[in-house]
Amino acid sequence: MVLAASRVAAQPAREVVLVAADDPAFQDALDEVLAPAGLATRAIEAAPPSLTDITRVSRELADREHATATIWLVTGPTTTTLVTYDRDVDRVLVRAIKAAPPLDAAQRAQAARMARTMLRALRVTPDTNLPPPRAEQAPAVRAAAAAAVEPVARRTLALGVGAGTRAGEPAATLAFDGNATLVWRPDALGIALAGQYSPANERTTPAFAGNASDDAIALCARLPLELAGRELRIVVLAGGALHVETLRGTTTAGMTVSETRFDPALRAGAVLEHALDPSVDVGLAVTGDYLLERQRYALDNAEILLIPRAQLTAAFVLTLRLL
């Protein structure tokens, strides 16, 4: 054990970090978090300069002591400020610590970890226990970190299916509604092509007996807005729809009725989505259609069916990213 300890003690640190702090225990906390990266700390006695001069003073101290960084712990009557300077990039980072002096052991450890993070941020290193890279290495580190993250927006095609109810459908106060949607660019501004299907509903009047149905196809622009990162978001929709309205049955006089009409409509809506994983979302969709023409079916001035102009649909949806 003594031999192993002597070997560890004999290994020189690759870099020296100057520490200017009124609290000697803060340097001990810094030693614990910087030692795995091969950084040694050295205490210096220096009065903290003003923020306008701290870069210049830190540079002069680092050059004089042949150090690569300088860490200041500046305390006031009720405030504590941490300043980290790196000689390679010749820049400082300043962070306020939410603790009044004197710091306790837990607060010193937190401040030491914060200083380590600030030092890494100045040199853009992604690994906790790796020594901070030189300034000339920073562009390559950034490029490697960006290449390692695959953006979710690369998905270009998704398929959604859903089921719910539609209010305002012919011959029914609330009717079952099934839908399927093909989405281009599901995680960015894109387009959705949707089809809606509802089983025919029975329609009976003193002059007519039969079924009425109202199916639709819609093309909408869609834009996802993140509420809590990728896991929770709201998708807004706007576009147009074409309703296919069908009436089938017979009159009391024995006449067969078979008529299909097409009604254009404006559509708007929103979907609240939750991501189960990168390729599967579940959500609640609410859409509203406003028909530009109001269809009325009548026989000898007796109304058989009147299509409402406004229709509201609520459905649970499942979205699968395909490509």
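The rules we used
- Positions within a chain are numbered from 1, following the residues in the order the chain's sequence is written.
- In view of the model being predicted, local features appear only for residues whose pLDDT reaches at least 70, and side-chain atom pairs are presented and counted only at 80 or more, with totals across whole chains, interfaces and linings using the full set of residues.
- Side-chain calculation: all heavy atoms of the structure are included, whereas hydrogens and water are not.
- Salt bridges, as used here, are contacts in which a Lys or Arg side-chain nitrogen is within 4 Å of a carboxyl oxygen on Asp or Glu.
- Secondary structure elements are defined from DSSP: runs of H or I of at least 4 residues count as helices, runs of E of at least 2 residues count as strands, and each element is numbered from the N terminus.
- Burial classification: accessible surface area is computed with a 1.4 Å probe over protein chains only, and a residue below 20% of its type maximum counts as buried, one above 50% as exposed, and the rest as partly exposed.
- The contact definition used throughout considers only heavy atoms, calling two residues in contact when any of these lie within 4.5 Å.
- DSSP bridges decide pairing: two strands pair if at least two such bridges lie between them.
- pLDDT is defined as a per-residue confidence score from the predictor, taking values between 0 and 100.
- When two rings of Phe, Tyr or Trp (its six-membered ring) have centres within 6.5 Å they constitute a pair, described as stacked for plane angles under 30 degrees, edge-to-face for angles over 60, and tilted for the intermediate range.
- Geometrically, a charge over a ring is one whose NZ (Lys) or CZ (Arg) sits within 6 Å of the ring centre while staying within 35 degrees of the ring normal.

Participant: Whenever I open this one, the pattern of salt bridges confuses me. Can you help?
Facilitator: Opposite charge on two side chains permits pairing when their charged atoms draw close. Scanning the model with the defined rule gives 16 salt bridges in all. Among the ionic pairs, glutamate 65 bridges to arginine 42, the shortest N-O distance being 3.2 Å. On the criterion of sequence distance, the pair formed by glutamate 65 in helix 3 (residues 54-65) and arginine 42 in strand 2 (residues 39-43) is long-range, its members being 23 residues apart. Residue glutamate 65 is classed as partly exposed on the basis of its relative accessible area of 22%. Judged by relative accessible area, arginine 42 falls into the partly exposed class, the value being 34%. Among the ionic pairs, glutamate 273 bridges to arginine 222, the shortest N-O distance being 3.7 Å. On the criterion of sequence distance, the pair formed by glutamate 273 in strand 12 (residues 256-277) and arginine 222 in strand 10 (residues 208-228) is long-range, its members being 51 residues apart. By relative accessible area, which is 5% here, glutamate 273 ends up buried.

Participant: Which parts of the structure should I look at to understand unusual backbone geometry?
Facilitator: Of note, the bond from proline 101 into proline 102 is cis; its omega dihedral lies within 30 degrees of zero at 0°. Relative to the helices and strands, proline 102 resides in the loop between strand 5 (91-97) and helix 4 (105-123). In this structure, arginine 185 is a non-glycine residue whose phi angle is positive, near 60°. Given a relative accessible area of 34%, arginine 185 falls into the partly exposed group.

Participant: When you look at the side chain of threonine 84 in this model, what are you seeing that I'm missing?
Facilitator: Following the sequence through the fold, threonine 84 ends up in strand 4 (residues 80-86). Among residues more than four places away in sequence, those in contact with threonine 84 are Thr70, Ile71, Arg91, Val92, Leu93, Ala115, Met118, Leu119 and Leu122.

Participant: What's the story with the pairing of strand 16 (residues 310-321) in this structure? I'm lost.
Facilitator: Consecutive side chains of a regular strand alternate in pointing toward one face of the sheet and then the other. With burial as the criterion, only one face of strand 16 is covered, namely that bearing Gln311, Thr313, Ala315, Val317, Thr319 and Arg321; the residues Ala310, Leu312, Ala314, Phe316, Leu318 and Leu320 on the opposite face remain uncovered. Two strands pair when backbone bridges link them, and strand 6 (residues 157-167) and strand 16 are joined in this way by 10 bridges, in the antiparallel orientation. Paired with leucine 159 across the bridge in strand 16 is leucine 320.

Participant: Would you explain the environment of leucine 182 in this entry?
Facilitator: The topology assignment puts leucine 182 in strand 7 (residues 174-184). Once residues within four sequence positions are removed from consideration, leucine 182 is found in contact with Leu157, Ala158, Ile191, Ala192 and Leu193.

Participant: Just checking my understanding: could you explain the pairing of strand 10 for this structure?
Facilitator: In terms of strand pairing, strand 8 (residues 190-197) meets strand 10 through seven bridges, oriented antiparallel. Opposite glutamine 196, over in strand 10, you have alanine 216 as the bridge partner. Pairing geometry for strand 9 (residues 201-205) and strand 10, over five bridges, is antiparallel. Each residue of the ladder has a partner; that of asparagine 201, found in strand 10, is alanine 212. Where strand 9 folds back on strand 10, the antiparallel hairpin that results is connected by two residues. As paired strands, strand 10 and strand 11 (residues 232-251) are joined by 20 bridges and run antiparallel to one another. Bridging from a neighbouring strand, alanine 218 pairs with alanine 241 of strand 11.

Participant: So what exactly am I meant to see when it comes to the confidence of the model for the chain here?
Facilitator: Detailed reading of the predicted model is not advised wherever pLDDT is low. The predicted model of the chain has a mean per-residue pLDDT of 84, with 84% of residues at 70 or higher. Between residues 1-11, whose pLDDT stays under 50, and residues either more than four places distant or in other chains, the model counts zero contacts.

Participant: I'm lost on the packing of aromatic side chains in this one. Help?
Facilitator: Given two aromatic rings, their pairing is described by the distance between the two centres and the angle made by the two planes. Considering all chains together, one arrives at zero aromatic pairs under this definition. Directly above the ring of tryptophan 184 sits arginine 185, whose terminal nitrogen or CZ lies 5.4 Å from the centroid. Against the face of tyrosine 297 rests arginine 261, its NZ or CZ located 4.0 Å from the ring centre.

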